[in-house]
Amino acid sequence: DTAVSQTPKYLVTQMGNDKSIKCEQNLGHDTMYWYKQDSKKFLKIMFSYNNKELIINETVPNRFSPKSPDKAHLNLHINSLELGDSAVYFCASSLGGQFTDTQYFGPGTRLTVL
Amino acid sequence: AQSVAQPEDQVNVAEGNPLTVKCTYSVSGNPYLFWYVQYPNRGLQFLLKYITGDNLVKGSYGFEAEFNKSQTSFHLKKPSALVSDSALYFCAVRVNTNAGKSTFGDGTTLTVKP
């Protein structure tokens, strides 16, 4: 069974559209994250939730809105997509909010905005 | 602010030779250091971490890393490289403040040639 799964794996859409990426983890972890990896492979954290509570909210346009319906799911909704949003988005989870916890990453969602 | 530097974009080694992928960090407080590996079109996978204790940390696939507080470094090493080690390697740091946010280095592409 996949520990951290994301859907869809690929997402191609037009500028101005609204889209969502879903993430689920079956590890029983309390903390989940969204990362963005750009075309140069640089990895930046966007959001982190611990037990459905937002604990990290980096400088991300407010077109990006995370939603955590329960601690096993963290979805990312993006409004009014722009060309610069094209990237690979990774979901991750860790056991708790401890600084020593290992993060487990999903396979990524490659978003292409045309 | 916390930061991580991976000074080499690319490291090339011959199969069977030792490899080193460099990482230096800057934090206020005690660092918690991680290495992750990313194979093409995959998510990041955990290799090893330093939390406290012995400065030499052993991890997956024969990798190890040495924490050096005076040099603020956490270089990844392997005594004998395999072609299958070719991948993108990320160093990351967390501290027990700042909501435990992970800061990743820009990544180092390791190529092991037969």
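The structure displayed is predicted, hence computed values, not measured ones.

Quick notes on the rules
Residues numbered from 1 in each chain as written. Chains lettered and ligands numbered in written order. Predicted model: local features only at pLDDT ≥ 70, side-chain atom pairs only at ≥ 80, totals over all residues. Heavy atoms only, no water. Pairing = 2+ DSSP bridges. Helix = DSSP H or I, 4+ residues; strand = E, 2+ residues; numbered from the N terminus. Axes fitted to C-alpha atoms, helices over the stretch in contact; angles between N-to-C directions. Contact = heavy atoms within 4.5 Å. Buried area = accessible area lost by both parts, 1.4 Å probe. Salt bridge = Lys/Arg side-chain N within 4 Å of Asp/Glu carboxyl O. Polar contact = N/O pair within 3.5 Å; in protein donor to acceptor, adjacent residues only side chain to side chain. Nonpolar A, V, L, I, M, F, W, Y, C, P; charged D, E, K, R; others polar.

### Considerations on the sheet that holds strand 7 (residues 64-70) of chain A
Residue and element names in this part refer to chain A. An order of 1-3-8-7 is seen for the four strands of this open sheet, with the pairing classed as antiparallel. If you trace the sheet from one side to the other, it starts and ends with strand 1 (4-7) and strand 7, each paired once. Taking the axes of each pair of neighbouring strands and ignoring which way they run, one obtains an average angle of 20° across the sheet. Here four bridges tie strand 3 (residues 19-25) to strand 8 (residues 73-78), and the two strands are oriented antiparallel to one another. Across the sheet, Lys 19 pairs through a bridge with Ile 78, a residue of strand 8.

### Let's talk about the interface of chain B and chain A
Each partner contributes to the interface: chain B provides 23 residues, whereas chain A provides 23 residues. Of the roughly 1900 Å² buried where chain B meets chain A, counting both sides, 56% is carbon and sulfur surface. For the interface between chain B and chain A, the tally reads one salt bridge. Here Lys 101 of chain B and Glu 58 of chain A are joined by a salt bridge, their closest N and O atoms 3.3 Å apart. If you look at where chain B meets chain A, you find eight residue pairs in polar contact (both at pLDDT 80 or more). Taken together, the elements giving at least two residues each to the side of chain B that touches chain A come down to strand 5 (31-38), strand 6 (44-50) and strand 10 (87-95) of chain B. Residues that form the side of chain B that touches chain A fall into these classes: eleven nonpolar, seven polar and five charged.

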